[in-house]
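So the chains spell out like this:
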Amino acid sequence: MTVKDEQEETFRGVPIKQLFPEERLGWKGFVEWEGNDERKAMASEFLKTKQFTPIPEFQQDPLPKTNPILIGHRWKEYHEALGLKSIVDYSWEMVQTEKEDMLHVLDFPYNGETRFNHVMEDKLTDNKYHFIRNHGGVPDIDPEAFYFDVGGLVKNPTRIYLSDLKDPEQFPQEEVTVTIQCSGTRRVEQIALYPGDGDELINAPWGEGAIGTAVYRGVPLKKVLKKACGGVLPECKHLEFIGADTYFKKLEVYNYAVSVPYRKVRQNEEVLLAWEMNGKPLPKIHGGPLRLVVTGYIGARSCKWVYKINALSVPSYGPVQRQEYLYYSQQIGKHNTLVSNGFSIQQMPVSSAIMSPRDRDVIIHDGSIKLQGWSYSGGGNWVERVEISPDGGHVWYACAPEDMTEKHYHAWRLWKIEVPVDAEGWLEFVVRTWDSSNNTEPTFIRSAWNWDLHVTSSCHRIKLYSVNRTRPLTQLRLKQLAERGETFTPISKPLEFALESRESYDAAFAKNPREPLN
Ligand SMILES: Nc1nc2c(c(=O)[nH]1)N[C@H]1C(S)=C(S)[C@@H](COP(=O)(O)O)O[C@H]1N2
Ligand SMILES: [Mo]
């Protein structure tokens, strides 16, 4: 599609901008779709008259080695078609100013993975390195003009301005240390073995860095419902959160919408309306001016730019809640993966990753190898034990408690360990975590593969090539290579010199002949 001047573009004689207006003052990049069924229908009809760039194959073919890795032309074009090109440009501008040093997994909607060294820097992830998962553009909302509406099955539907929410005289505040993990974390391992859903949604090809931890400050939603709305009606079972970003699915148009059960909200600090991240104003790219922070649940429920909250008797009918983030049984094929076959992923299970060394590294060591990584469990469980196996999962060494960051109800623990390693050559290292409910991780990817490519919680496995310097022959080789000015790696490079002389070869076989003597 070539994008014409937005001013000119019309549908049924009406300029696009008039049909799909950014109508609130100080709310750039926000079109209210939810509750505007006519507007939604019109947008969908209009989109169906257009042609869009096909989604590239990104599972069967190797990923490009570029940064950004994937572009998302199609999603840019959807926004541009509806007169929202400025939001596409603004999103990338935000990346340039707030998220420069990331693995840009997808240009638009922007998805950025934390680089592995930054994941391990500190228990709290620096805001500029915290991963980002977007399904649409980043709205540019002036905090002064910001408010949200609470409605549905509450006693008194209310509009609340950010300045009132932040007033401690009106609402009590909490600070909570929370790990947000995208349920797509480590998805690349599932894709590498068995590709899955890639029909419509760009499945951000996440590695181990779609997870981060911060201290969020805000007001418990429970308190807002009680103090500002007089409580919920008895029929209320779920709270729906609607974000100001525009979301597309199969050429239908929405605002991002998800929900959590009311019984979760009742846990006070477990569902927070937050405006502060690590002591700083919540960055716009992380949902500023205001987002939900839902502890122990998949990241998807922590709705950013929340402008509307509805008390409902059933879960939100938003496609993100009902049609995505599902867990299917393995042997239902693509052609039969009905949405009703999947169950909704809410609480995160226990999971972990080895962050260093990296898979396929060559490690020259003196009889032990140092490893580092993260372990996390959702649902209010905390990490109790982290174990490393140097032999594919038979022998396990536990991390010492002093080598793990402190326990939190709703956050990960970073860990390090030094594992004795005698063997040389390729070894498979595995991490396995146990949480406070004695949950642990499935053994292999295949033990828990899911068509939707969510929740890669199986034990993380990496291959390392061990070179043990405490062995005399190894020491000699390293010395010989150094004297010749040659490097040990790559291990596949042929050696320029013979390892054994004719004399030592003959001496060995004099002691242990090649063939029987009679
Ligand atoms: N409005 C809105 N909220 C959203 C999303 C989104 O696309 N739009 N993405 C969700 C997903 S899938 C995740 S994993 C988290 C990521 O939060 P972060 O970008 O602050 O790391 O935000 C969630 N909240
Ligand atoms: Mo996510």
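Every value quoted in this text rests on a predicted model; they were computed, and no experiment measured them.

## What about the site of ligand 1?
Turning to step 1, where the next piece is worked out: Lining the immediate surroundings of ligand 1 are 19 residues, of which Phe131, His135, Asp245, His286 and Lys304 lie closest.
Turning to step 2, where the next piece is worked out: Interatomic distance of 2.7 Å between a side-chain N/O atom of His286 and an oxygen atom of ligand 1.
Turning to step 3, where the next piece is worked out: Among the elements of the structure, strand S6 (132-133) and strand S12 (238-249) are those that each provide at least two residues to the shell around ligand 1.
Turning to step 4, where the next piece is worked out: When the residues that make up the shell around ligand 1 are grouped by side-chain class, the tally is eight nonpolar, seven polar and four charged.

## Focus on the pairing of strand S4 (residues 103-106)
Turning to step 1, where the next piece is worked out: Pairing of S4 with strand S5 (residues 111-113), which is carried by three bridges, proceeds in the antiparallel orientation. Bridge assignment links Leu106 to a residue of S5, and that residue is Asn111.
Turning to step 2, where the next piece is worked out: The antiparallel hairpin formed by S4 and S5 contains four residues in its connecting segment.

## Structural notes on the pairing of S12
Turning to step 1, where the next piece is worked out: Most of S12 is tucked away: twelve of the twelve residues are buried.
Turning to step 2, where the next piece is worked out: Sheet analysis places S12 next to strand S13 (residues 252-261), joined by nine bridges and oriented antiparallel. From the neighbouring strand, Lys249 faces S13, where its bridge partner is Glu252.
Turning to step 3, where the next piece is worked out: Here S12 folds back onto S13, and the loop between the two strands holds two residues, one of which, Lys250, carries a positive phi near 45°.
Turning to step 4, where the next piece is worked out: One ladder, built from six bridges, connects S12 with strand S17 (residues 306-312); its direction is antiparallel. Across the sheet, His238 pairs through a bridge with Leu312, a residue of S17.

## What about the domain arrangement of the chain?
Turning to step 1, where the next piece is worked out: Along its sequence, the chain is carved into domain 1 (10-344) and domain 2 (349-518).
Turning to step 2, where the next piece is worked out: Relative to domain 2, the C-alpha centre of domain 1 lies at a distance of 37 Å.
Turning to step 3, where the next piece is worked out: Listed by partner, the interface residues are 43 residues for domain 1 and 37 residues for domain 2.
Turning to step 4, where the next piece is worked out: For Lys123, the salt bridge identified is with Glu406, shortest N-O distance 2.7 Å.
Turning to step 5, where the next piece is worked out: Here domain 1 and domain 2 share 32 residue pairs in polar contact (both at pLDDT 80 or more) between them.
Turning to step 6, where the next piece is worked out: Where the side of domain 1 that touches domain 2 is concerned, the elements lending two or more residues are helix H5 (116-119), strand S10 (174-181), helix H7 (187-193), strand S11 (211-220) and strand S18 (326-327).
Turning to step 7, where the next piece is worked out: Residues belonging to the side of domain 1 that touches domain 2 are distributed by class as follows: 14 nonpolar, 18 polar and eleven charged.

## Here we look at the nonpolar core
Turning to step 1, where the next piece is worked out: Formed by 69 residues in total, the largest nonpolar core has its most connected members in Phe148, Leu165, Leu221, Val224, Phe241 and Leu273.
Turning to step 2, where the next piece is worked out: Mapping this core onto the domain boundaries places at least three of its residues in each of domain 1 (10-344) and domain 2 (349-518).
Turning to step 3, where the next piece is worked out: Contacts of Leu165, omitting those with residues within four sequence positions, involve Phe148, Ile160, Phe171, Val219, Val224, Leu273, Trp275 and Leu290.
Turning to step 4, where the next piece is worked out: In terms of nonpolar packing, the next biggest core, distinct from the first, is built from 21 residues, Trp75, Ala81, Leu84 and Ile87 among them.

## Some details on the pattern of salt bridges
Turning to step 1, where the next piece is worked out: Counted under the stated rule, the structure contains 31 salt bridges.
Turning to step 2, where the next piece is worked out: For the salt bridge of Asp107 with Lys76, the shortest nitrogen-to-oxygen distance reads 3.4 Å. Here the residue Asp107 occupies a position in the loop between S4 and S5, and Lys76 occupies one in helix H3 (residues 73-81), the gap between them amounting to 31 residues. Here the two residues Asp107 and Lys76 agree in accessibility, since each one is buried.
Turning to step 3, where the next piece is worked out: Ionic contacts of the salt-bridge type, sharing partners, join the residues Arg24, Glu32 and Lys308 into one network.

## A short note on the sheet that holds S17
Turning to step 1, where the next piece is worked out: An order of S9-S8-S17-S12-S13 is seen for the five strands of this open sheet, with the pairing classed as mixed. Looking along the sheet, the strands with just one partner apiece sit at the ends: strand S9 (158-161) and S13. Averaged over neighbouring strand pairs, the angle between their axes works out to 25° when direction is ignored.
Turning to step 2, where the next piece is worked out: Of the strands in this sheet, S12 and S13 are in contact with helix H2 (residues 37-47), which crosses S13 at around 130°.

## Side note on a positive patch on the surface
Turning to step 1, where the next piece is worked out: Together, Lys222, Lys226, Lys227 and Arg266 give the surface a local cluster of positive charge.
Turning to step 2, where the next piece is worked out: Tracing the backbone shows Lys222 in helix H8 (residues 221-229).
Turning to step 3, where the next piece is worked out: The exposure class assigned to Lys222 is partly exposed, which follows from its relative accessible area of 30%.

## Describing H8
Turning to step 1, where the next piece is worked out: Within the span of H8, buried status applies to Leu221, Val224, Leu225 and Cys229. In an axial view of H8, the angular spread of the buried residues amounts to 100°, which keeps them on one side of the axis. Along H8, exposed side chains directed more than 90 degrees from the buried face belong to Lys226 and Lys227.
Turning to step 2, where the next piece is worked out: Following H8 by one or two positions, Gly230 adopts a phi angle in the positive range, close to 70°.

## Observations regarding the side chain of Asp149
Turning to step 1, where the next piece is worked out: Looking at where Asp149 falls in the secondary structure, it is placed in strand S8 (residues 147-152).
Turning to step 2, where the next piece is worked out: When its relative accessible area of 15% is taken as the criterion, Asp149 is described as buried.
Turning to step 3, where the next piece is worked out: Within the local environment of Asp149, its side chain forms a polar contact with the side chain of Arg159, the two groups lying 2.8 Å apart.
Turning to step 4, where the next piece is worked out: Once residues lying within four places of it in the same chain are set aside, the contact partners of Asp149 are Arg24, Thr158, Arg159, Tyr307, Lys308 and Ile309.

Parameters and conventions
Residues numbered from 1 in each chain as written. Chains lettered and ligands numbered in written order. Predicted model: local features only at pLDDT ≥ 70, side-chain atom pairs only at ≥ 80, totals over all residues. Heavy atoms only, no water. Near = heavy atom within 4 Å. Polar contact = N/O pair within 3.5 Å; in protein donor to acceptor, adjacent residues only side chain to side chain. Helix = DSSP H or I, 4+ residues; strand = E, 2+ residues; numbered from the N terminus. Nonpolar A, V, L, I, M, F, W, Y, C, P; charged D, E, K, R; others polar. Pairing = 2+ DSSP bridges. Buried < 20%, exposed > 50% of the residue type's maximum accessible area, 1.4 Å probe, protein only. Domains from an automatic or database assignment. Contact = heavy atoms within 4.5 Å. Salt bridge = Lys/Arg side-chain N within 4 Å of Asp/Glu carboxyl O. Core = buried A, V, L, I, M, F, W, Y, C linked by side-chain atoms within 4.5 Å. Axes fitted to C-alpha atoms, helices over the stretch in contact; angles between N-to-C directions. Patch = residues over 30% accessible without salt bridge, like charges linked within 9 Å, V, L, I, M, F, W, Y side chains within 5 Å. Areas by Shrake-Rupley, 256 points an atom, 1.4 Å probe, with all protein chains shown as cover. Lys, Arg positive; Asp, Glu negative; His and termini not counted. Charge placed at Lys NZ, Arg CZ, Asp CG, Glu CD. Arc of directions from axis to C-beta.

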